[in-house]
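Close look at the chain arrangement
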Amino acid sequence: MNPGRGFIYCEISLTAMNLKNGLFFLLILLGQSGFAQWQNTKGPYNGSVCSMLTYEGVTYAGTFEGIYASSDNGRSWKYIDVPGAANIFSLVVNDSFMFASTNTGILRSADKGLNWVWMQKNKDMVYTETKLYMHDNVLYASVQDTLFLSVSNGISWKPIFVE
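Residues numbered from 1 in each chain as written. Predicted model: local features only at pLDDT ≥ 70, side-chain atom pairs only at ≥ 80, totals over all residues. Heavy atoms only, no water.

1. Points about the side chain of asparagine 94
Put simply, the rule is: By definition, any uninterrupted DSSP run of H or I lasting at least four residues is a helix, any uninterrupted run of E lasting at least two residues is a strand, and each is numbered from the N terminus. Using a 1.4 Å probe on the protein chains alone, a residue whose accessible area is under 20% of its type maximum counts as buried, one over 50% counts as exposed, and one in between counts as partly exposed. Any pair of N or O atoms that falls within 3.5 Å is considered a polar contact. Within protein, one atom must be able to donate a hydrogen and the other to accept it, and sequence-neighbouring residues count only if both atoms are side-chain atoms. Note on contacts: a residue pair qualifies if any of its non-hydrogen atoms lie within 4.5 Å across the two residues.
Position of asparagine 94 relative to the elements: it lies in the loop between β5 (88-93) and β6 (98-102). Given a relative accessible area of 6%, asparagine 94 falls into the buried group. Separated by 2.9 Å, the side chain of asparagine 94 and the backbone nitrogen of serine 96 make a polar contact. Of note is the side chain of asparagine 94, whose polar atom sits 2.6 Å from the side chain of asparagine 153. Sequence-distant contacts of asparagine 94, defined by excluding residues within four places in its chain, comprise Tyr55, Phe99, Met134, Asn137 and Asn153.

Have a look at this one:
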């Protein structure tokens, strides 16, 4: 099955770190009366949204076609080119960097998504859906049945073994 068609099997998850950002997007969905009224934001196009985050006034959407950004609360979306990556499963941010997990590895951007650097691109951490989480400037990656952590903004990783 083409992931961008039919059933949507990705998820939008709100961690404590991005709960504030998620609430921003929730407010977009609420009508003026305070009751949930869904509104079409005219995008992002070309695929299902797997992850969203708001960072310094810009909303980013990770999709099966790449990353899209909106600086006008979803009225318009701009495609962000991520060379060598298509399926964006997770987006997280700390004070200095934005991270994206893809079907081919983990990327990092120091300039709000304009340029990306591969931080991890090997068989140990590349699976269908790697999810990223940020807590207290520690980056976590869940890969199937293993949890990895990085205290170096994605430069090095070590597995966490849970008994």
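2. Comments concerning the confidence of the model for the protein chain
Where we set the bar: The pLDDT value tells you how sure the predictor is about a given residue, anywhere from 0 up to 100.
Confidence in the prediction for the protein chain averages 74 pLDDT; 69% of positions are at 70 or higher. Scored below 50 in pLDDT, residues 1-33 makes 40 contacts in the model with residues more than four places away or belonging to other chains.

3. Brief notes about the sheet that holds strand β9 (residues 131-135)
The condition is simple: Strands qualify as paired when DSSP identifies two bridges or more between them. Whenever a helix is involved, its axis is fitted only over the stretch in contact; in every case the axis is a line through C-alpha atoms, and angles between N-to-C directions fall within 0 to 180 degrees.
The 4 strands lie next to each other as β9-β10-β11-β12, forming an open sheet whose pairing is antiparallel. Edge positions in the sheet fall to β9 and β12 (158-160), since each of these pairs with one other strand and no more. Strand-to-strand twist in this sheet, taken as the mean axis angle between neighbours without regard to direction, amounts to 30°. For β9 and strand β10 (residues 138-143), the ladder comprises 5 bridges, and the chain directions are antiparallel. Bridging across to β10, tyrosine 133 finds its partner in tyrosine 140.

4. Observations regarding the pattern of salt bridges
Heads up, the condition is: Here, a salt bridge means any Lys or Arg side-chain nitrogen found within 4 Å of an Asp or Glu carboxyl oxygen.
Applying the stated criterion across every chain yields a total of 1 salt bridge. One salt bridge in this structure joins glutamate 56 and lysine 112, with 2.6 Å as the shortest N-O distance. Remark: lysine 112 occurs in the loop between β7 (106-109) and β8 (117-120) and glutamate 56 occurs in the loop between β1 (49-55) and β2 (58-63); sequence separation between them is 56 residues. A relative accessible area of 53% means that glutamate 56 is categorised as exposed.

5. Brief notes about the nonpolar core
Formally: Take the buried residues of types Ala, Val, Leu, Ile, Met, Phe, Trp, Tyr and Cys, join any two whose side-chain atoms come within 4.5 Å, and each joined set is a nonpolar core.
In this structure, Tyr60, Ile67, Leu91 and Trp116 are the most contacted members of the largest nonpolar core, which totals 16 residues. Elements with a contribution of two residues or more to this core: β1, β2, β3 (66-70), β5 and β6. The greatest single-element share of this core, amounting to 3 residues, is contributed by β5. When near neighbours in sequence (up to four residues on either side) are disregarded, tryptophan 116 contacts Ile67, Ile80, Asp81, Val82, Met98, Phe99, Ala100, Leu107, Arg108 and Ser109. Grouped together as the second largest cluster of nonpolar side chains are 11 residues, Phe97, Phe99, Leu139 and Phe148 included.

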